Amino acid sequence: MGDQDANYRFAAEATIEPDHIVRARTHALELGAAPVSAPVGAQCAVIAAASQALNIVEIGTGAGVSGLWLLHGSPRATLTTIDSEREHLGAARQAFAEAKIPPARARFISGRAAEVLPRMNEASYDIVLVDADAEGVIEYVEHGLRLVRAGGTVLVPRVLGHGAVADPVRRDAVTAAYRSLIQETQASPAVIGALSIVGEGLLQLTTRPLD
C-alpha cells in the first residue's frame, strides 16, 4: 500500500460517524443510493459549523446521509433537499424523523433539480451541496453559486470521478465536465476554491463577499 492509500484509509477509519447517520447510511445502501462517505460528510459538517449556516440546500438526498451530516454541523439550520427519486426522499424523511430532526427544519422537494432550482430565491442560502447526476454538475453548480449569499459556499462531492479526472486519457463527457469545473472555478476571481482529495473528493467554492 502506498503512502497516499494509507492516508486515505487512515482518514476513513479515523472519522467517527454518529449512530443516527450510520443507520441512515445502512438504509441508503440497501436502497441502492450512493451517499457521501463519512470523511466527506464530516468535512461538510465542519463547513456548516464554521459558516454558522442557517439555510442549506442539497441537490440529491443520498437518502438522508448528507443532510444529516450538514445538520450535525449546524443544528439550527433549515435544510431543503431536492431529489427526483421519491424512494430516496422517503428514506431521508424517515432518517430525519428517527434522528429527531424537527419537521420545520427540513423541506423535501420531489422533482428534477433543473426544473426546481430556477424557481428558488437567489442569494438566499448559506450552503448548496451538489450531489446529483454528474451529467448536470456544471449547470447545478451555476445555480448553486446564484443561490448562495455573498460569502456562501457550494460543495461538490465526487468531483474526482473515482480517479478518472486525474487520468489525462479519460475524456468521456462526465470526466471532462468535472475536470472543466475544477479548472474553471480554481481560476475564477468570483470564488475562493479548494479541492479536498479525502474520500471521494470534495470541491469547496466560497463566493467572495461583496465590496
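One structure accompanies this document, and this report is about it. What you see as residue numbers is a count from 1 along each chain, following the sequence as written. A pLDDT threshold of at least 70 governs which residues receive local features in this predicted model, and a stricter bar of 80 or more applies before side-chain atom pairs are shown or counted, although totals over entire chains, interfaces and linings include all residues. Neither water nor hydrogens contribute to the side-chain values; these are computed over all heavy atoms in the structure.

**Digging into the overall build of the protein chain**
Here is step 1: The helix count covers DSSP runs of H or I at least four residues long, the strand count covers runs of E at least two residues long, and both are numbered beginning at the N terminus. Regarding its fold elements, the protein chain presents 8 helices and 7 strands.
Here is step 2: Taking 17 Å as the expected radius of gyration for a compact globule of 211 residues, we find that the protein chain reaches 16 Å, a close match to that expectation.
Here is step 3: Considered along the principal axes of its C-alpha atoms, the protein chain spans approximately 45 × 45 × 30 Å.
Here is step 4: For every residue, the accessible area (1.4 Å probe, protein chains only) is compared with the maximum for its type, and the residue is labelled buried under 20%, exposed over 50%, or partly exposed between those bounds. Buried residues in the protein chain amount to 49% of all 211 residues.
Here is step 5: Any two residues whose heavy atoms approach within 4.5 Å are treated as being in contact. Sequence separation of 24 or more characterises 67% of the internal contacts of the protein chain that already satisfy a separation of 6 or more.
Here is step 6: When the 18 basic and 24 acidic side-chain charges of the protein chain are each reduced to a single mean position, those positions are 5 Å apart. For the radius of gyration, the atom set is restricted to C-alpha positions; the globular benchmark scales as 2.2 Å times the number of residues to the power 0.38. Under this rule, positive means Lys or Arg and negative means Asp or Glu; His and the chain ends count for nothing. Working definition for charges: the position is that of NZ of Lys, CZ of Arg, CG of Asp or CD of Glu.

**Observations concerning the nonpolar core**
Here is step 1: Only buried Ala, Val, Leu, Ile, Met, Phe, Trp, Tyr and Cys residues count toward a nonpolar core, and they belong to the same one when joined by side-chain atoms within 4.5 Å. Formed by 33 residues in total, the largest nonpolar core has its most connected members in Leu70, Phe96, Ile127 and Leu155.
Here is step 2: For this core, the element with the highest residue contribution is helix α3 (residues 38-50), accounting for 6 residues.
Here is step 3: Counting 28 residues, the second-largest nonpolar core is a separate cluster that includes Leu117, Val130, Ala134 and Val156.

**Side note on α3**
Here is step 1: One fewer than the residue count of a helix, multiplied by 1.5 Å, yields its expected span. Here α3 is 13 residues long and its end C-alpha atoms lie 18 Å apart, about the 18 Å a rise of 1.5 Å per residue gives.
Here is step 2: For α3, every residue scored as buried is listed here: Ala38, Pro39, Val40, Gly41, Cys44, Ala45, Ile47 and Ala48.
Here is step 3: Directly beyond the C-terminal end of α3, a positive phi value near 50 degrees is found at Gln52.

**Looking at the pattern of salt bridges**
Here the idea is simple: oppositely charged side chains can pair when their charged atoms come close.
Here is step 1: The term salt bridge refers to a side-chain nitrogen of Lys or Arg lying within 4 Å of a carboxyl oxygen of Asp or Glu. Under the defined criterion, the tally for this structure stands at 6 salt bridges.
Here is step 2: One salt bridge connects Glu17 with Arg25, and the closest N-O pair in it is separated by 2.6 Å. We note that Glu17, like Arg25, is buried.
Here is step 3: The residue Arg170 makes a salt bridge to Asp172 at a minimum N-O spacing of 3.3 Å.
Here is step 4: A relative accessible area of 31% means that Asp172 is categorised as partly exposed.

**Concerning the pairing of strand β2 (residues 78-83)**
Here is step 1: Burial analysis of β2 places 5 of its 6 residues in the buried class, the great majority of the element.
Here is step 2: Pairing between strand β1 (residues 55-59) and β2: 5 bridges, direction parallel. Following the sheet pairing, Asn55 is matched in β2 by Thr78.
Here is step 3: Relative to strand β3 (residues 106-110), β2 runs parallel, the two sharing 5 bridges. Residue pairing in the sheet places Asp83 in a bridge with Ser110 of β3.
Here is step 4: Viewed along the sheet, the connection from β2 through helix α5 (residues 86-98) into β3 turns out right-handed. At least two DSSP bridges between two strands are needed for those strands to be called paired. A clockwise path from the first strand over the helix to the second, with the strands pointing away from the viewer, defines a right-handed crossover.

**Some words on the packing of aromatic side chains**
Here is step 1: Side-chain rings of Phe, Tyr and Trp (the six-membered ring for Trp) are treated as a pair once their centres are within 6.5 Å; stacked means planes under 30 degrees apart, edge-to-face means over 60, and tilted covers the remaining angles. Scanning the entire structure with this criterion turns up 1 aromatic pair.
Here is step 2: Here the aromatic rings of Phe96 and Phe108 are separated by 5.7 Å at their centres, their planes lie at 65 degrees, and the arrangement is edge-to-face. Remark: Phe108 occurs in strand β3 and Phe96 occurs in helix α5; sequence separation between them is 12 residues.
Here is step 3: Since its relative accessible area comes to 3%, Phe96 is described here as buried.

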